[in-house]
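Chain residues, written in single-letter form:
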Amino acid sequence: RHHVLSLADFTAAEYDTVLQTAASFQEVLSRRTKKVPTLQGHVVANLFFEPSTRTRSSFELAAKRLSADILNFAAATSSMTKGETILDTAKTYLAMGTDIMVIRHKEAGVPNAIAAEMDRLGVRVSVLNAGDGQHEHPSQALLDLFTICTLIDPAHPRLELLKGKKIAIVGDILHSRVARSNIWSLTASGAQVHLAAPPTLLPKLFAQYIFEESEGAQDLTKVQKSENTNQEFIISSSPSSPSSPSSPTSHSQNRQLFLHWHLEPALQDADFVMTLRLQKERMTAHLLPSLREYHHMFGITRTKLQLCKPNVKVLHPGPVNRGVEISSELMDDPEFSLIQSQVTSGVAVRMALLYLLGSGKTSAIQN
Ligand code: CP
């Protein structure tokens, strides 16, 4: 692999490689100098066609900590305002000797298109998806995974630590590339992933199962082949209990995803709660719920966390609508909130990705 565009086909070995490499860089970041010469002479281009605070800055800092040279691009101040295309922009950065392109775009598939063009040209440039439309945000899901795993075992973060854990992903799943990437990584770990959202904020396919429940279907266990891979998801809206899901044991190798249109069953005995931003900028008026009603039904508060395990932790990829998807006091409560840790983890995880792609040690991330 020399691109990271999606987590759909990541293997357990690849997750562990990223987690262990990030743990090494976390140690480097705890030193006084915080810097290694690993990518000296390499050029990393941050091509951000859509706004970002934490992803862009942490890729920049990660590249600097690895001693790479970093080029920052923002569409609004670029020659795209004069009509230059996305591919011509990428080729311009290629001509300057870029080794790794970090790409964010509001349309799904742009990083894949640029990667395909680089491959067609036969150049050894790596493309890292930094969030494309409603598709995926792999580095965010990897830093979420790292944040959770290092909480359990700081010295040896690894995928298997999440086996059997209950993780609730709550909120605007429909528009969330973060949710999509997290569904791939967390279900790969053997965690029980529970999605909770109003039906209007679930992808149509997921919403269909919930509507079936409302029509009185008894057995909602479904097996759905992913279009991109041969992996199967067990999709069920009503696990018999958090520790014994209604999936047949013959499917124990498969990924398990549970759907809820109410918050409570998703929170019940959860180990981790990942709340998502209501992406108002991607919503047409008929999708946008009343913010007060939304907070009442799906907003995460200290009171609602009483349903979870006593040491539950809360994640949010940011940016946050305070008082909408999470109460302001919970967001700032270090007893429960991992939000600042997620941002901190982002630097080490992005160092790991840049290092693994840029050092030429691609065997570390399997083909
Ligand atoms: N989580 C995330 O992608 O945040 P930014 O949009 O600030 O990069």
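Just so it is clear, the structure is predicted and the values come from calculations on it, not from any experiment. (Residues numbered from 1 in each chain as written. Predicted model: local features only at pLDDT ≥ 70, side-chain atom pairs only at ≥ 80, totals over all residues.)

Trainee: Can you help me understand the packing of helix 1 (residues 12-29) against helix 11 (residues 339-358) in this one?
Mentor: Helix-helix packing: each pair is described by the crossing angle between the helix axes and the interaxial distance. One can describe the packing of helix 1 onto helix 11 by two numbers: an axis separation of 8 Å at closest approach and a directional angle of 115 degrees. Between helix 1 and helix 11 lies a crossing whose hand is right-handed. Contacts between helix 1 and helix 11 pair Thr17, Val18, Thr21, Ala22, Phe25, Gln26 and Leu29 from the former with Val347, Ala348, Val349, Met351, Ala352, Leu353, Tyr355 and Leu356 from the latter. In terms of residue class, the contact of helix 1 with helix 11 is built from 12 nonpolar, 3 polar and no charged. (Axes fitted to C-alpha atoms, helices over the stretch in contact; angles between N-to-C directions. Helix = DSSP H or I, 4+ residues; strand = E, 2+ residues; numbered from the N terminus. Left-handed = near helix turned anticlockwise from the far one by under 90°. Contact = placed C-beta atoms within 7 Å. Nonpolar A, V, L, I, M, F, W, Y, C, P; charged D, E, K, R; others polar.)

Trainee: Whenever I open this one, the UniProt feature "domain: Aspartate/ornithine carbamoyltransferase carbamoyl-P binding" (unreviewed entry) in the protein confuses me. Can you help?
Mentor: Sites flagged by UniProt as "domain: Aspartate/ornithine carbamoyltransferase carbamoyl-P binding" (unreviewed entry) map to residues 3-148. Secondary structure content for residues 3-148 is 43% helix and 17% strand, and the end C-alpha separation is 25 Å. (UniProt positions renumbered as here; feature names shortened; annotations may be inferred.)

Trainee: I tried to follow the environment of Ser337 on my own but got confused; where do I start?
Mentor: With respect to the element layout, Ser337 can be found in the loop between helix 10 (328-331) and helix 11. Along the sequence, Ser337 and Asp99 sit 238 residues apart, while their C-alpha atoms lie 36 Å from each other. With residues near it in sequence (within four places) discarded, Ser337 still touches Val314, Leu330, Met331 and Asp332.

Trainee: Looking at this model, I keep getting lost on the confidence of the model for the protein. Mind explaining?
Mentor: Keep in mind that low pLDDT regions are not for reading the predicted coordinates in detail. Looking at the protein as a whole, its pLDDT mean stands at 87, while 84% of the residues score no less than 70. Note that residues 215-230 has pLDDT below 50 and, in this model, 26 contacts with residues that lie over four places away or in other chains. For this predicted complex, the interface confidence score (ipTM) comes to 0.99, while the overall pTM stands at 0.89. (pLDDT = per-residue confidence, 0-100.)

Trainee: Looking at this structure, how should I read the site of the ligand?
Mentor: In the neighbourhood of the ligand, the contacting residues comprise Ser52, Thr53, Arg54, Thr55, Arg56, Gly131, Gln140, Pro317, Gly318 and Pro319. Partitioned by chemical class, the residues of the shell around the ligand number 2 nonpolar, 6 polar and 2 charged. A domain split of the shell around the ligand shows at least three residues from each of domain 1 (12-137 + 343-360) and domain 2 (139-342). (Near = placed C-beta within 6 Å. Domains from an automatic or database assignment.)

Trainee: Quick question: what am I supposed to make of the domain arrangement of the protein here?
Mentor: How large an interface is tends to be reported as the accessible area lost when its parts come together. Taken domain by domain, the protein holds domain 1 (12-137 + 343-360) and domain 2 (139-342). Listed by partner, the interface residues are 26 residues for domain 1 and 25 residues for domain 2. Elements with a contribution of two residues or more to the side of domain 1 that touches domain 2: helix 1, helix 2 (54-65), strand 4 (126-132) and helix 11. Its residues assigned to classes, the side of domain 1 that touches domain 2 shows 11 nonpolar, 10 polar and 5 charged.

Trainee: Teacher, can you tell me more about the nonpolar core here?
Mentor: Across soluble globular proteins, nonpolar side chains have a tendency to be buried as a group. Judged by nonpolar contacts, the single largest core of 99 residues is most densely connected at Val170 and Leu354. In terms of residue count, the dominant contributor to this core is helix 11 (11 residues). Counting contributing residues, this core receives three or more from each of domain 1 (12-137 + 343-360) and domain 2 (139-342). Setting aside residues up to four positions removed in sequence, Val170 forms contacts with Ala196, Ala197, Leu263, Ala266, Val273, Met274, Thr275, Leu276, Phe298 and Ile300. (Core = buried A, V, L, I, M, F, W, Y, C linked by C-beta atoms within 7 Å. Buried ≥ 20, exposed ≤ 12 C-beta atoms within 10 Å, placed from the backbone.)

Trainee: I keep staring at the sheet that holds strand 2 (residues 69-74) and nothing clicks. Help me out?
Mentor: Backbone hydrogen bonds hold the strands of a sheet together, and the pairing may be parallel or antiparallel. Here we have 4 strands laid out as an open sheet, ordered 2-1-3-4, and parallel in their pairing. Looking at which strands have only one partner, the edges of the open sheet turn out to be strand 2 and strand 4. Taken over all neighbouring pairs, the strand axes of this sheet differ in orientation by 15 degrees on average, direction set aside. Direction of pairing for strand 3 (residues 100-105) relative to strand 4: parallel, over a ladder of 5 bridges. Residue pairing in the sheet places Val102 in a bridge with Leu128 of strand 4. Against the sheet, helix 11 touches strand 1 (43-48), strand 3 and strand 4, its axis set at about 150 degrees to strand 4. (Pairing = 2+ DSSP bridges.)

Trainee: Help me understand the pairing of strand 2, please; the structure alone is not making it clear to me.
Mentor: Within a regular strand, the side chains alternate between the two sheet faces. When strand 1 meets strand 2, the two strands line up parallel, connected through 6 bridges. Its bridge partner lying in strand 2, Ala45 is registered against Leu71.

Trainee: Honestly, the UniProt feature "binding site: L-aspartate" (unreviewed entry) in the protein in this entry has me stumped. Any pointers?
Mentor: Here the UniProt feature "binding site: L-aspartate" (unreviewed entry) sits at Lys82, Arg177 and Arg277. In three dimensions, the annotated residues from a span of 196 residues occupy distinct locations, with a maximal C-alpha spread of 33.0 Å. Turning to its location among the elements, Arg177 is positioned in helix 6 (residues 177-188). When sequence neighbours within four positions are dropped, the list of residues in contact with Arg177 reads Gly131, Asp132, Gly133, Gln134, His135, Glu136 and His137. Along the polypeptide, Arg277 turns up in the loop between strand 10 (272-275) and helix 9 (291-298). Not counting residues up to four positions away in its chain, the partners in contact with Arg277 are Asp172, Pro319, Val320, Asn321 and Glu325.

Trainee: How should the pairing of strand 5 (residues 166-170) be read in this particular structure?
Mentor: Most of strand 5 sits inside the fold, with 5 of its 5 residues counted as buried. Burial of strand 5 is two-sided: the residues Lys166, Ala168 and Val170 facing one way and the residues Ile167 and Ile169 facing the other way are all buried. Examined bridge by bridge, strand 5 and strand 6 (residues 192-196) share 5 bridges and lie parallel to one another. When the sheet's bridge partners are listed, Lys166 is paired in strand 6 with Gln192. The β-α-β motif built from strand 5, the intervening helix 6 and the parallel element strand 6 has right-handed crossover chirality. Taken together, the 4 bridges between strand 5 and strand 10 define a ladder with parallel strand orientation. (Right-handed = clockwise from strand over helix to strand, strands pointing away.)

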